[in-house]
Amino acid sequence: RRSSDLIMMSVFNMDRLKEFVPLIVSLTNGVLNDMEKEGLTNPKNIKKTFKLMTGEIIGRYFFSDNIKKYTYKNDPLTIGLGKLLPRIFEISFKPYMIIAPKLSLKIFPSCKQGYNDILEFKAVCREIIKEKRAIYNEKKKAGTPWKKDMMEALFEIMETPEGQCFTDEHLIYEFLTFTF
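Draft legend 1. Highlighting the pattern of salt bridges. Applying the stated rule across the entire model yields 12 salt bridges. Lys122 is the partner of Glu169 in a salt bridge, and the nearest nitrogen-oxygen pair spans 2.9 Å. Of this pair, Glu169 sits in helix H9 (residues 168-179) while Lys122 is found in helix H7 (residues 109-142), placing the two residues 47 residues apart along the sequence. Under the relative-accessibility criterion, Glu169 is labelled partly exposed at 23%. The class for Lys122 is buried, based on a relative accessible area of 12%.

In C-alpha cells:
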C-alpha cells in the first residue's frame, strides 16, 4: 500500500469517525438551509439538487464552511470542479492522450486548455490549504480543543513522523477523490 493510503485510513478510525459525525450533520443541515434559501431544493430537479448537495457537503467537510468564499472560473469552487472534471475525463481518455500525453498537450488546444484548467484549480486549492494551515496553527497554538474538519485532521497526522510523506498535493488529490 502507498503510505498516503495508510494515512487516509488512519483518519477514518472509529474514534475520528465518531468526532466527524456531528460535523457532517451540521454541514449537511447548513448546505440544505443554504440551498433552500437559494431555491435549489426543487423536487422536480432532484438529481441536480443531490449533485450540488454532495459536492458542497464534501467541500465543507474537507475545507470547512468557508469553502463558499472560494471560486473557480467565476463559479463556487464545488460547482466549478463539477464542470471541470467531466471535461478532463473526456480529454484524458482520448486515444492520443493515452498514447502520447506530452505531445498531445503541445498539439491539441483542448488538451493544453484542460491542463491549464487543472493547474488553475490546483492553485485555488493550494491557497485554501495555506489559509487552513494558518488557522489550524493558530488554534493549535491557543491550546483550546476544537472540532476538527478533515483537513485539520490530516494536518495533525502530517505532523507525525509517519505523516510527513503526505504533501499538500496529496490533500488536493484526496479532495478530488472524495468529491468524485
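Draft legend 2. A look at a nonpolar patch on the surface. Judged by side-chain polarity, Phe89, Phe93, Ile98 and Ile99 come together as a nonpolar surface patch covering roughly 510 Å² of accessible area. Topologically, Phe89 is positioned in helix H4 (residues 77-92). A relative accessible area of 45% places Phe89 in the partly exposed class.

Draft legend 3. Fine view of the packing of aromatic side chains. Counted under the stated rule, the structure contains three aromatic pairs. Seen in terms of ring centroids, Tyr96 and Phe108 are 4.0 Å apart; in terms of plane orientation they differ by 25 degrees. Their pairing is stacked. Here Tyr96 is found in helix H5 (residues 95-99), whereas its partner Phe108 is found in the loop between helix H6 (101-107) and H7, with 12 residues between them in sequence. A ring pair is formed by Tyr136 and Phe155, whose centres lie 5.5 Å apart and whose planes are at 55 degrees; its orientation type is tilted. Here Tyr136 is found in helix H7, whereas its partner Phe155 is found in helix H8 (residues 150-158), with 19 residues between them in sequence. One exposure class covers both Tyr136 and Phe155, and it is buried.

Draft legend 4. Region of interest: helix H3 (residues 46-63). The end-to-end C-alpha distance of H3 is 25 Å, a good match for the 26 Å that 18 residues give at a rise of 1.5 Å each. The complete set of buried residues in H3 reads Thr49, Leu52, Met53, Gly55, Glu56, Ile57, Ile58, Gly59, Arg60, Tyr61, Phe62 and Phe63. Of the residues flanking the end of H3, it is Ser64, one or two places downstream, whose phi is positive at about 95 degrees.

Draft legend 5. Representation of the packing of H3 against H4 within the structure. At a closest axis distance of 9 Å, the pairing of H3 and H4 adopts a crossing angle of 120 degrees. Regarding the angle of H3 to H4, the classification is oblique. For the pair H3 and H4, the crossing hand works out as right-handed. Between H3 and H4, the residues in contact are Leu52, Gly55, Glu56, Gly59 and Phe63 and Leu77, Thr78 and Ile79, respectively. Its residues placed into classes, the contact of H3 with H4 shows four nonpolar, three polar and one charged.

Draft legend 6. Main features of the environment of Val25. With respect to the secondary-structure elements, Val25 resides in helix H2 (residues 14-37). Taking the C-alpha atoms as reference points, Val25 and Ile57, separated by 32 residues in sequence, lie 9.5 Å from one another.

Draft legend 7. Broad picture of the layout of surface pockets. For the largest pocket, the calculated volume is near 430 Å³. Here the lining of the largest pocket gets eight residues from one element, more than from any other, and that element is H3. Considering only residue class, the lining of the largest pocket consists of eight nonpolar, five polar and eight charged. Quantified by volume, the second largest pocket comes out at close to 210 Å³. Around the second largest pocket, the lining is made up of 11 residues, and of these Leu85, Ile88, Ile118, Tyr173 and Leu176 lie nearest the centre. Those elements that provide at least two residues to the lining of the second largest pocket are H4, H7 and H9. It is H4 that provides the largest number of residues to the lining of the second largest pocket, a total of five residues. Across the lining of the second largest pocket, the residue classes tally to 10 nonpolar, no polar and one charged.

Reading the values: rules and limits
Residues numbered from 1 in each chain as written. Predicted model: local features only at pLDDT ≥ 70, side-chain atom pairs only at ≥ 80, totals over all residues. Heavy atoms only, no water. Salt bridge = Lys/Arg side-chain N within 4 Å of Asp/Glu carboxyl O. Helix = DSSP H or I, 4+ residues; strand = E, 2+ residues; numbered from the N terminus. Buried < 20%, exposed > 50% of the residue type's maximum accessible area, 1.4 Å probe, protein only. Patch = residues over 30% accessible without salt bridge, like charges linked within 9 Å, V, L, I, M, F, W, Y side chains within 5 Å. Areas by Shrake-Rupley, 256 points an atom, 1.4 Å probe, with all protein chains shown as cover. Phe/Tyr/Trp six-rings, centres within 6.5 Å; stacked < 30°, edge-to-face > 60°. Expected span 1.5 Å × (residues − 1). Axes fitted to C-alpha atoms, helices over the stretch in contact; angles between N-to-C directions. Parallel < 35°, antiparallel > 145°, perpendicular 65-115°, else oblique. Left-handed = near helix turned anticlockwise from the far one by under 90°. Contact = heavy atoms within 4.5 Å. Nonpolar A, V, L, I, M, F, W, Y, C, P; charged D, E, K, R; others polar. 1 Å grid on protein atoms, 1.4 Å probe; cavity = no way out; pocket = protein on both sides within 12 Å on 5 of 7 lines; lining within 4 Å. Points joined across faces, edges and corners; volume = space filled by probe spheres on them.

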